[in-house]
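Residue-level listing of the chains:
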2 protein chains.
Amino acid sequence: MRTYKLTVAYDGTRYRGWQRQATTDRTIQGLLETAISDAAGYPVEVNGSGRTDAGVHALGQTASVVLSGAVKEEFFTDNVNQGLPEDIRICEAHLVKNGFHARKSASGKVYEYRIDTGDKPDVFRRRYCCHFPQRLDLEAMRRTAEYLKGTHDFAGFTDKKDETSTKRKIYDIMVSRRGSSVTIRYEGTGFLYHMVRILTGTLLEAGTHARTADSVQEILRTKDRGQAGFLAPARGLFLREVHYDQRGR
Amino acid sequence: MRTYKLTVAYDGTRYRGWQRQATTDRTIQGLLETAISDAAGYPVEVNGSGRTDAGVHALGQTASVVLSGAVKEEFFTDNVNQGLPEDIRICEAHLVKNGFHARKSASGKVYEYRIDTGDKPDVFRRRYCCHFPQRLDLEAMRRTAEYLKGTHDFAGFTDKKDETSTKRKIYDIMVSRRGSSVTIRYEGTGFLYHMVRILTGTLLEAGTHARTADSVQEILRTKDRGQAGFLAPARGLFLREVHYDQRGR
């Protein structure tokens, strides 16, 4: 029995999200399980570092899979990739200690949200960013982000309340501009359902002065989703990388 | 009667090329003519700077259109754009002198060809580049390009022989690398059918040492398409901009 850690990139446009579903075969997990099972000759289960929503992209999602015996990295990057559609790719595969689990072993995640502030939606970036044709005050967004960094109960920034704990730690939020593109990068221990997209909607409202920077303190205090910002669309969101302590490389 | 010069961007992936066809409505020219005619209330004809092939993209294709009266730029960038699919956009529109014709008035063109040399095709760039997972010797490509610059009869670098003249002038060919991306930029008076894609296939062969730099002199001399390189796929090609002398702004 051997455990492998996979790094996977996908263009989420055509898919109903990461998680396998009985009613559709258009999920990333489902397609990976089928492709690896076909190549291995027996059924396998693939565990992701977390679920990405329908339409969300990944540059470096991670997943773990247990095989009955040892294989070379090329088993994944050549054989399995050939059984995957061209918008899903296993970029790397590494043998890890048995017991490694892509979700349970993860220590942190980096997400990136891309915004196109140009007048007209760019025809090439339209699948990979949110079109938001407004002047954004980046300093106001950064001041707002300061209040969100650190350990907080983010219950006001999720659309699902049944988590065991809604406490999370955000290490950093970086807002940068390049031409008409604005990117927000989030680093933290983990993120709740819809959390990065609600944080983004909130920062965009701060960037247009529709809300003040310190308004987010009130959301953290009241845990009231209704006071937080709009849910930014899935197409702008990328899971960039998942961090592990030494144990999970 | 007023003449307008339009700058148009499109993602060519879904289309059968620029030129209107009786048998399909999936052409850029056809969709622009329909959208402008609908907005104007009478039928118009749109003339492009040239035809782009099926699957080829444009960052700055130009086109001219004659309307019965004056309109503001917003007529094109707002009203007409709303009638276009999201992968075709009029970026700019300017009133020009009557008599201006996007093709006949053009003095030069800039094309860009993008190559992904990474091991695995990048899931986000796959629609917008040619996947060519080989080490490219950029210096060999540049030496080869030197022989192609200037005024030559490019009959060996086209797939259509019935042009009045196959003589063209290439001002410059620039080869650059950024990470695993290699870009070739072509500037010239104009390009024959398939010419940029055949030049690219030829330069890629030079980049892998499948041919010598001076082999292209022989193609220019013999005008033998069979000696030139392979036809690089459409998805990597972008029409970047079209130049005009003062007259056409």
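Everything here concerns the structure above.
Residues numbered from 1 in each chain as written. Chains lettered and ligands numbered in written order. Predicted model: local features only at pLDDT ≥ 70, side-chain atom pairs only at ≥ 80, totals over all residues. Heavy atoms only, no water.

Colleague: What exactly am I supposed to notice about the overall build of chain A here?
Modeller: Per the secondary structure count, chain A includes 5 helices and 10 strands. Taken over the C-alpha trace, chain A has a radius of gyration of 19 Å; the compact-globule value for 249 residues is 18 Å, and the two agree within 12%. Projected onto its principal axes, the C-alpha coordinates of chain A cover approximately 55 × 40 × 35 Å. The proportion of buried residues among the 249 residues of chain A is 53%. Look at the contacts in chain A between residues 6 or more apart in sequence, and 70% of them connect residues 24 or more apart. Put simply, chain A shows about 11300 Å² of open surface, and 44% of that area lies on carbon and sulfur atoms. Averaging the coordinates of the 39 positive side-chain charges in chain A and doing the same for the 31 negative ones gives two points 1 Å apart. (Helix = DSSP H or I, 4+ residues; strand = E, 2+ residues; numbered from the N terminus. Rg over C-alpha atoms; globule rule 2.2 N^0.38 Å. Buried < 20%, exposed > 50% of the residue type's maximum accessible area, 1.4 Å probe, protein only. Contact = heavy atoms within 4.5 Å. Areas by Shrake-Rupley, 256 points an atom, 1.4 Å probe, with all protein chains shown as cover. Lys, Arg positive; Asp, Glu negative; His and termini not counted. Charge placed at Lys NZ, Arg CZ, Asp CG, Glu CD.)

Colleague: I tried to follow the pattern of salt bridges on my own but got confused; where do I start?
Modeller: Close approach of charged atoms lets side chains of opposite charge pair. Using the criterion set out here, one finds 36 salt bridges over all chains in the structure. Note that B:Arg197 is salt-bridged to B:Asp53, the shortest N-O span being 3.2 Å. Taken as a pair, B:Arg197 in helix α4 (residues 195-207) and B:Asp53 in the loop between β2 (46-48) and β3 (57-67) lie far apart in primary sequence, 144 residues in all. For the pair shown, B:Arg197 and B:Asp53 are each scored as buried. With a closest N to O distance of 2.8 Å, B:Asp159 and B:Arg225 form a salt bridge. Of the two residues, B:Asp159 sits in the loop between β7 (150-153) and β8 (167-178) while B:Arg225 sits in the loop between α5 (215-222) and β10 (237-244), which places them 66 residues apart along the sequence. Within this structure, A:Asp11, A:Glu86 and B:Arg126 form a network of salt bridges that share partners. (Salt bridge = Lys/Arg side-chain N within 4 Å of Asp/Glu carboxyl O.)

Colleague: Hey, could you run me through the relation of the copies chain B and chain A in this one?
Modeller: To go from the first copy of the chain to the second, apply a rotation about an axis and then a shift along the same axis. Note on the copies: chain B fits chain A at an RMSD of 0.0 Å, the axial shift is 0.0 Å, and the rotation between them is 180°. Expressed as an axis order, the relation between the two copies is that of a two-fold axis. With an isologous cut-off of 70% or more, the 100% of interface residues of chain B that recur at the interface of chain A puts this contact in the isologous class. (Least-squares fit on C-alpha atoms with pLDDT ≥ 70 in both.)

Colleague: When you look at the packing of helix α3 (residues 138-148) of chain B against α5(B) in this model, what are you seeing that I'm missing?
Modeller: The packing of two helices is summarised by the inter-axis angle and the distance between the axes. Residues and elements named next belong to chain B. Where α3 contacts α5, the axes come no closer than 9 Å and their chain directions differ by 25°. It follows that α3 is roughly parallel to α5 by the angle criterion. Helix-helix and strand crossings are classified by hand; for α3 and α5 the assignment is right-handed. Side by side, α3 and α5 meet where Thr144, Tyr147 and Leu148 of the first sit next to Val216, Gln217 and Leu220 of the second. In the contact of α3 with α5, the residues fall into 4 nonpolar, 2 polar and no charged. (Axes fitted to C-alpha atoms, helices over the stretch in contact; angles between N-to-C directions. Parallel < 35°, antiparallel > 145°, perpendicular 65-115°, else oblique. Left-handed = near helix turned anticlockwise from the far one by under 90°. Nonpolar A, V, L, I, M, F, W, Y, C, P; charged D, E, K, R; others polar.)

Colleague: Any chance you could explain the side chain of B:Thr7 here in plain terms?
Modeller: With respect to the helices and strands, the residue B:Thr7 is situated in strand β1 (residues 2-10). Setting aside its immediate chain neighbours within four residues, B:Thr7 contacts B:Gly60, B:Gln61, B:Thr62, B:Arg89, B:Ile90, B:Cys91 and B:Glu92.

Colleague: I'm lost on helix α3 (residues 138-148) of chain A in this one. Help?
Modeller: Note: α-helices contain 3.6 residues per turn, so residues at a spacing of three or four share the same orientation. Residue and element names in this part refer to chain A. Taken as a whole, α3 has its buried residues at Leu138, Ala140, Met141, Thr144, Ala145 and Leu148. For α3, the angular spread of the buried residues around the axis is 155°, confining them to a single face. Buried-residue contacts for α3 involve β7 (150-153), β8 (167-178), β9 (181-188), α4 (195-207) and α5 (215-222). Gly150 lies just past α3 and shows a positive phi near 100°. (Arc of directions from axis to C-beta.)

Colleague: What is the right way to read the packing of aromatic side chains from this model?
Modeller: Aromatic ring pairs are defined here through the distance separating the ring centres and the angle between the ring planes. Residue and element names in this part refer to chain A. According to the stated counting rule, one finds 20 aromatic pairs over all chains in the structure shown. Taken together, the aromatic side chains of Tyr4, Phe75 and Phe76 make up a single cluster linked through ring pairs. Taking NZ or CZ as reference, Lys160 lies 5.4 Å from the ring centre of Tyr193, over its face. (Phe/Tyr/Trp six-rings, centres within 6.5 Å; stacked < 30°, edge-to-face > 60°. Lys NZ or Arg CZ within 6 Å of the ring centre and 35° of its normal.)

Colleague: Mind showing me how you'd approach the interface of chain B and chain A here?
Modeller: The extent of an interface is frequently quoted as the accessible surface area lost upon association of the parts. Each side of the interface is counted separately: chain B has 23 residues, and chain A has 24 residues. When the two sides are added together, the surface that chain B and chain A hide from each other amounts to roughly 1900 Å², 56% of it contributed by carbon and sulfur. At the boundary of chain B with chain A, the tally comes to 6 salt bridges. Measuring nitrogen to oxygen at the nearest pair gives 2.8 Å for the salt bridge that ties A:Asp78 to B:Lys120. Our count for the contact surface shared by chain B and chain A stands at 8 residue pairs in polar contact (both at pLDDT 80 or more). Of all the elements in the fold, those that place two or more residues in the side of chain B that touches chain A are β1, β3, α2 (73-82) and β4 (88-96) of chain B. (Buried area = accessible area lost by both parts, 1.4 Å probe. Polar contact = N/O pair within 3.5 Å; in protein donor to acceptor, adjacent residues only side chain to side chain.)

Colleague: When you look at the packing of helix α1 (residues 28-40) of chain A against helix α2 (residues 73-82) of chain A in this model, what are you seeing that I'm missing?
Modeller: Residue and element names in this part refer to chain A. Packing of α1 against α2 brings their axes to within 9 Å, and their N-to-C directions diverge by 105°. When the axis of α1 is compared with that of α2, the two are roughly perpendicular. Within the contact between the two elements, α1 uses Ala35, Ile36, Ala39 and Ala40 and α2 uses Phe75, Phe76 and Val80. Partitioned by chemical class, the residues of the contact of α1 with α2 number 7 nonpolar, no polar and no charged.

Colleague: Before we go on, may I ask you to explain the environment of B:Ile90 in this structure?
Modeller: Residues and elements named next belong to chain B. Relative to the elements of secondary structure, Ile90 occurs in strand β4. Ile90 gets classed as buried once you look at its relative accessible area, which sits at 0%. Put simply, Ile90 and Leu6 are 84 residues apart on the chain and 6.7 Å apart in space, counted from C-alpha to C-alpha. If we ignore the near neighbours within four places in the chain, the residues touching Ile90 are Leu6, Thr7, Val8, Leu32, Phe76, Thr77, Val80, Asn81 and Leu84.

Geometric values such as these leave the question of function open.
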